[in-house]
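Now for the letters of each chain:
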Amino acid sequence: MSSSTSQGVVERVQSFVSENKRAVLIGAAAAVVAIGGVAYYASTSRGPGGGDAEKGEYKKDKKKGSKSSKKRKTVKDADGPILEERSPRVADVAEAEDVKLSAEEIVQMPDEERTKVAASLKAKGNGAYQQRKYSIAADLYTRAIEVTPKPEPVFFSNRAACYVNMSPPQYEKVIEDCDEALKLDASYVKALNRRATALEALERVEEALRDFTAATILDKFQNESAAQSTERVLKKLASQKVQEILSSRDRHLPSQTFVSAYFGAFRPRPLPQLPENPSQGDHTLILSLEALAASDYTHSLTLVNEAVEQGISWDAGKAEALNLRGTYKFLMTDVTGAKEDFLASIELQPSLTQTWVKIASVYMEQGDPKKAFECFEEAIKHNADDPDIYYHRGQVLFIMNEFADAAENYTKSTELDDQFVFSHIQLAVAQYKSGNLANSMATFRRTLKGFPQRSEPQNYYGELLLDQQRFEDAVDKFDRAIEIELSRPKPPPVNALPQVNKGLALYQWKQDIGAAEHCCQEALKIDPECEAAVATLAQLSLQQGKIDVAMEMFEKQASLARSEPELMNALTYQFATKAQVEFMTRFPEMANQMSQIARSMM
Ligand SMILES: *[C@@H]1O[C@H](CO)[C@@H](O)[C@H](O)[C@H]1NC(C)=O
Ligand SMILES: *[C@@H]1O[C@H](CO)[C@@H](O)[C@H](O)[C@H]1NC(C)=O
């Protein structure tokens, strides 16, 4: 919620990606493969909003190209056999009737004869398969493999189909047979699909993704069910990895920009009054709050943990410490731990309205807006004049698209204290979102005048201008914001978002990838952990076929991702790209064809 300032940019990056899908799809052949698919996966993993509609559109396009015979072909193996040659000729079966040959007999037969016998054994196998006699069919294929002088991939693929259909299915054997078939013909789509299904059943998800991806691309995206399988397995893989990472990773603070945006969303309060005989813990708490005021969050975090351990001697101080420790936990995605601290804090000091507001954000993170609104009500009961309450309630309403109520709440917040820049900015944006352009512009102009030394009004006004495609004016505002940020007294935090926004603007305005890239790199110099810069750079690199850089950026994006959806998003890109890079390595000759497919998909 309060993080919506920085999340806004991440959303922008995502919509930038989909807005530029067309452009993204054109490019060097190698890159096109990665991007075509990636853009597609991304558009489906965007969550609520445009994502699904886009997916539908994409699918419609795909359908156009599919053949009318497809319906018949999409019957699953489990429903009935689909073999390469489904109805054996009667003659073949008859010929094969008495074929039971020993190894020596086989060796003595001329090749031509052996080929013929193998073909009839296969035909017989197909017949048995048709009758769902899978063991018998498998046996016949085995004999065909023994007899033939030159094994055909279809023998193995068909035997694999038998193993799939046995109960219980013999997935290990399916994989072995498909391995053989694919050794003989690497682009044998049916074997790829079969092996992928078996791998998925055995939870070998990454390998399944590799095979489904290859099958999808080799089929020129015409097999809807394979494309869906790719997507399903990709999601599975990404979410497994998400759980793995979340459960194992050291909790760490997000980027400086993010943390400062979060704390910046609460008005500073005076340091608490120490009791008469302060304990060591009391002093440590004060040191922690001083570090916080100096934006030295890492230090402040260590100190507040120490302070709580050392023991704080008075209730108001303890409530303050738990509020702060809970906030750090919240920022490090330990939502449960954060909630415990906040609830303990509020019990010690119910009038600390900031804590109510933070509990509300915990409820929002847990998807419970009703409880969140109750917290705001509770906070108002304790101090109806705390401007933070209305600002944060505005934020919640804003993300719920209740722009009129949000605007009212922001206004109330500015009436109580007009020195908090974000209430003004959010008010302007809420007015813009509810279609009130004139009011919005007026609010922005007032805010620019009222806060000449702040970069944020420039930055967000620039975003609004960018949204209206007023590129030149937007870049102008971003430049001004950058100038203000760079002239600010050090130490950090320095806000790198205007740099990223400028890059996006230059890209949309002039299609100048080089300039956009440069802006993101500048942003990373200012704040090496700026998520928006990393995410944008990843996309721009993909687009130019700099797959290595893109992969590195996706990994970095994943390591920076704070929330589960953000992590999921980064990992989805990472795995999709990886699978497609692997495909390109295995099928370099497909590069040309891929760029054609990508073009035809636009
Ligand atoms: C399409 O893909 C599915 C799932 O991977 C597969 O089972 C099916 O055989 C494929 N259809 C064709 C016609 O290749
Ligand atoms: C703020 O939002 C609430 C809805 O949660 C609404 O009832 C109220 O009227 C709004 N305005 C003010 C000034 O609180």
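Remember, it's a predicted structure, so these values are computed and weren't measured experimentally.

1. Some words on the site of ligand 2
The local shell around ligand 2 consists of Phe 373, Arg 393, Leu 397, Asp 405, Glu 408, Asn 409 and Lys 412. Within the side chain of Asn 409, an N or O atom sits 2.3 Å from an oxygen atom of ligand 2. Counting only elements with at least two residues in the shell around ligand 2, the list comes to helix H22 (387-399) and helix H23 (403-416). If one sorts the elements of the shell around ligand 2 by residue count, H23 sits on top with four residues. The class makeup of the residues in the shell around ligand 2 is two nonpolar, one polar and four charged.

2. Some details on the pattern of salt bridges
This structure, assessed with the given rule, holds 27 salt bridges. Among the salt bridges present, the one from Glu 200 reaches Arg 232, with a minimum N-O distance of 2.7 Å. Placement of the pair is Glu 200 in helix H12 (residues 189-201) and Arg 232 in helix H14 (residues 224-248), with a sequence separation of 32 residues. Residue Arg 232 is classed as partly exposed on the basis of its relative accessible area, which comes to 39%. The salt bridge partner of Lys 546 is Glu 517, with a shortest N-O separation of 3.0 Å.

3. Remarks on the UniProt feature "repeat: TPR" (unreviewed entry) in the protein
Here the UniProt feature "repeat: TPR" (unreviewed entry) sits at residues 118-151, 353-386, 387-420 and 455-488. Structurally, residues 455-488 is divided into 85% helix and 0% strand, and its ends, taken at the C-alpha atoms, are 10 Å apart.

4. Brief notes about the confidence of the model for the protein
Per-residue confidence for the protein gives a mean pLDDT of 81, with 81% of residues at or over 70. Note that pLDDT drops below 50 for residues 1-81; the model gives that stretch 150 contacts with residues more than four away or on any other chain. Throughout residues 84-98 the model reports pLDDT below 50, and contacts reaching past four residues in sequence, or to other chains, amount to 21 contacts.

5. Some details on unusual backbone geometry
A cis amide bond links Ser 167 to the next residue, Pro 168, at an omega of 0 degrees. Here the phi dihedral of Arg 132 falls at roughly 65 degrees; this positive angle occurs in a residue that is not glycine. Within the secondary structure, Arg 132 is located in the loop between helix H8 (111-130) and helix H9 (134-147). The backbone phi angle of Asn 401 is positive, close to 65 degrees, even though this residue is not glycine. Take Asn 401: it is sitting in the loop between H22 and H23.

Scoring rules and cut-offs
Residues numbered from 1 in each chain as written. Chains lettered and ligands numbered in written order. Predicted model: local features only at pLDDT ≥ 70, side-chain atom pairs only at ≥ 80, totals over all residues. Heavy atoms only, no water. Near = heavy atom within 4 Å. Polar contact = N/O pair within 3.5 Å; in protein donor to acceptor, adjacent residues only side chain to side chain. Helix = DSSP H or I, 4+ residues; strand = E, 2+ residues; numbered from the N terminus. Nonpolar A, V, L, I, M, F, W, Y, C, P; charged D, E, K, R; others polar. Salt bridge = Lys/Arg side-chain N within 4 Å of Asp/Glu carboxyl O. Buried < 20%, exposed > 50% of the residue type's maximum accessible area, 1.4 Å probe, protein only. UniProt positions renumbered as here; feature names shortened; annotations may be inferred. pLDDT = per-residue confidence, 0-100. Contact = heavy atoms within 4.5 Å.

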